[in-house]
Amino acid sequence: MGIIATIMNTTTGQPIQKMSFGRMPKPWASFTLETGELVKADRVEVGKPAPGKAVTPVFVWVTPKS
């Protein structure tokens with residue numbers, strides 16, 4: 001089962017996009033955004049699931065150049 005993570009902008013704190021990973025992304029992972037920009041993960045944050053839910057939110061924080 002894959003991981004669906006929300007890609008967050010470190011400078012603005014706003015979500016950029018959702019992305020699917022085959023396994024938990026590492027903090028040093030590099031990947032390409034929908035815009036075609038290559039970014040490196042600054043940090044990976046795993047949240048707590050909502051009460052009664054099994055889905056755990058995952059946030060990958062990146063600093064895009066643009």
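Residues numbered from 1 in each chain as written. Predicted model: local features only at pLDDT ≥ 70, side-chain atom pairs only at ≥ 80, totals over all residues. Heavy atoms only, no water.

Draft legend 1. Structural context of the nonpolar core. Counting residues in hydrophobic clusters, the biggest one holds 11 residues: Ala-5, Ile-7, Met-19, Phe-21, Phe-31, Leu-33, Val-39, Ala-41, Val-58, Val-60 and Val-62. Put simply, the parts of the chain that give this core at least two residues each are β1 (3–9), β2 (15–21), β4 (38–46) and β5 (58–62). It is β5 that contributes the most residues to this core, three residues altogether. Once you skip the residues sitting within four places of it in the chain, Val-62 turns out to touch Ile-7, Met-8, Asn-9, Thr-10, Ile-16, Phe-31, Val-39, Lys-40, Ala-41 and Asp-42. (Core = buried A, V, L, I, M, F, W, Y, C linked by side-chain atoms within 4.5 Å. Buried < 20%, exposed > 50% of the residue type's maximum accessible area, 1.4 Å probe, protein only. Helix = DSSP H or I, 4+ residues; strand = E, 2+ residues; numbered from the N terminus. Contact = heavy atoms within 4.5 Å.)

Draft legend 2. Spotlight on the sheet that holds β1. The five strands lie next to each other as β2-β1-β5-β4-β3, forming an open sheet whose pairing is mixed. The open sheet is flanked by β2 and β3 (30–32), the only strands paired with a single partner. Neighbouring strand axes in the sheet, compared pairwise and without regard to direction, differ in orientation by 40 degrees on average. As paired elements, β4 and β5 share five bridges and run antiparallel to each other. By the bridge assignment, Val-46 is partnered in β5 with Val-58. (Pairing = 2+ DSSP bridges. Axes fitted to C-alpha atoms, helices over the stretch in contact; angles between N-to-C directions.)

Interpretation in functional terms is not warranted from these geometric data alone.
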